[in-house]
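Fold and geometry: a report
So you can see what is in the structure, the chains are spelled out below.
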Amino acid sequence: MPAPLSIGTTLGLSGDLDAAFAPLRELQIPTAQIFPPASLDAEATRAAAEKAGVEITSIIAHFSGENYADIPTVERTVGLVPEMTRPERLAHLMELAAFARAVGVRQLQTHIGFVPEDANDPRYVPVVQMTQEICDDLAQDACVFALETGQETAATLLRFLKDVKRPNLLLNFDPANMILYGHDEPTHALELLYPYIQSIHAKDGIWPTEPNQLGSETPLGEGDVNWPQFGARLLELGYKGTLTIEREIGGPQKWVDVAKAKTWLEELVSNNQ
Ligand code: MG
């Protein structure tokens, strides 16, 4: 278990695993949510994390064929909701569950896809049942299934959590996604969803300006999340989980932004204790 309010980052693992973990070691970031290596080599992953002094807190599942170009494309291609790709993606999710178990991680998370806003939509009940089955499988290893927020409103997500009704169905709450998908004001969503929040993405972004387009991700503190207000409220509610920085750009600028976000989050925590 990481220390309360440990800083983390999301981390893609490909190629040399030691090199992938190196920026965390340099920046003294103690935790990571990882996109696993294609090999799903649990032993090598665990060894590389240990060498870098990093605790892996979650395995992030993503699926081939996903496309985040615009909102209709996300709806068509992302997660476990699209029916055409569901069987192969469920099989991959179970491979990742086995990988999580082998690495010793008790959280598997993903964008499940757009949960239908209307509970009478014929697609709704099968998605609830599928999620119940995933949760029951993961419960055998005391593993949490954490949904990434953002592709539906907080109210829809809350109804879905209550309908699935599994204690290991929780949220990786991403306040920026609420904005990027144009769905909800993050602090309002936080109030509604707080009892289900298992982990947090420290990410920022600005509202979309065109219909069907996503907003734009920004460095922490430069977007519309209002992190001073959001962060203070999160801590006031008693949140003690990890604060996982997510910066979805490549290259060296990513780590410059992550370092700044880390300093900002450390100040937030020390100012609110
Ligand atoms: Mg996220």
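One numbering rule holds for all chains: residues counted from 1, following each sequence as written. pLDDT decides what is reported in this predicted model: residues at 70 or higher carry local features, side-chain atom pairs at 80 or more are listed and counted, and totals for whole chains, interfaces and linings draw on all residues regardless. Hydrogens and water are ignored here; the side-chain numbers use all heavy atoms of the structure.

Before going further, it helps to examine the pattern of salt bridges. Side-chain pairing between opposite charges can occur once the charged atoms of the two side chains come close. Here, a salt bridge means any side-chain nitrogen of Lys or Arg that lies within 4 Å of a carboxyl oxygen of Asp or Glu. All chains considered together, the criterion is met by 13 salt bridges. Measuring nitrogen to oxygen at the nearest pair gives 3.2 Å for the salt bridge that ties K203 to D174. Residue K203 is located in the loop between strand 7 (197-202) and strand 8 (204-206), and its partner D174 is located in the loop between strand 6 (169-173) and helix 7 (175-180); the two are separated by 29 residues in the primary sequence. Take K203 and D174: they sit in the same class, and that class is buried. As a salt-bridge pair, E266 and K262 come within 3.1 Å of each other at their nearest N and O atoms. Here E266 pairs with K262, and both are found in helix 10 (residues 252-271), just four residues apart, close to one helical turn. Note on K262: relative accessible area 13%, which makes it buried. Numbered from the N terminus, helices here are DSSP runs of H or I no shorter than four residues, and strands are runs of E no shorter than two. Relative accessibility decides the category of a residue: with a 1.4 Å probe and only protein chains considered, values under 20% of the type maximum give buried, values over 50% give exposed, and everything between is partly exposed.

What follows covers the coordination of the magnesium ion. Donor atoms from the polypeptide that coordinate the magnesium ion comprise E148 (OE), D174 (OD), H201 (ND1) and E246 (OE), at 2.1 to 2.6 Å from the metal. Each donor residue of the magnesium ion belongs to the same chain, and together they define the spacing E-x25-D-x26-H-x44-E. With D174 in the loop between strand 6 and helix 7 and E246 in the loop between strand 10 (243-245) and helix 10, this pair connects stretches of sequence that are 72 residues apart. A residue is classified by how much of its surface remains accessible, and D174, at 0% relative accessible area, is buried. Water is absent from the atoms considered, so a metal site may look incomplete; donors are defined as N, O and S atoms within 2.8 Å of the metal, or 3.2 Å for Na, K and Ca.

Quick look at helix 10 now. Compared with an ideal rise of 1.5 Å per residue, which puts 20 residues at 28 Å, helix 10 spans 29 Å between its outermost C-alpha atoms and is within 8% of the ideal. What helix 10 keeps buried is the set K254, D257, V258, A261, K262, L265, L268 and V269. For helix 10, the angular spread of buried residues about the axis comes to 150 degrees, placing them on one side. Turned more than 90 degrees away from the buried face of helix 10, the exposed residues are P252, K260 and N271. In this structure, the buried residues of helix 10 make contact with strand 1 (7-12), helix 1 (17-27), strand 7, helix 9 (227-236) and strand 10. Take the residue count of a helix, subtract one, and multiply by 1.5 Å to get its expected span. In this description, one arc is meant: the one made by directions from the helix axis to the C-beta atoms. In what follows, a contact means two residues having at least one pair of non-hydrogen atoms within 4.5 Å.

What follows covers the pairing of strand 1. The element strand 1 is largely enclosed, with a buried count of five among its six residues. Strand pairing follows a simple DSSP-based rule, namely that at least 2 bridges must link the two strands. In this structure, strand 1 lies alongside strand 10, joined through three bridges in parallel fashion. Its bridge partner being in strand 10, T9 is matched across the sheet by I245. As paired strands, strand 1 and strand 2 (residues 31-35) are joined by five bridges and run parallel to one another. Bridging across to strand 2, G8 finds its partner in T31. Crossovers are described as right-handed under a simple rule: with the strands pointing away from the observer, the path leading from the first strand over the helix to the second runs clockwise. Remark: the strand 1/helix 1/strand 2 crossover connection has right-handed handedness.

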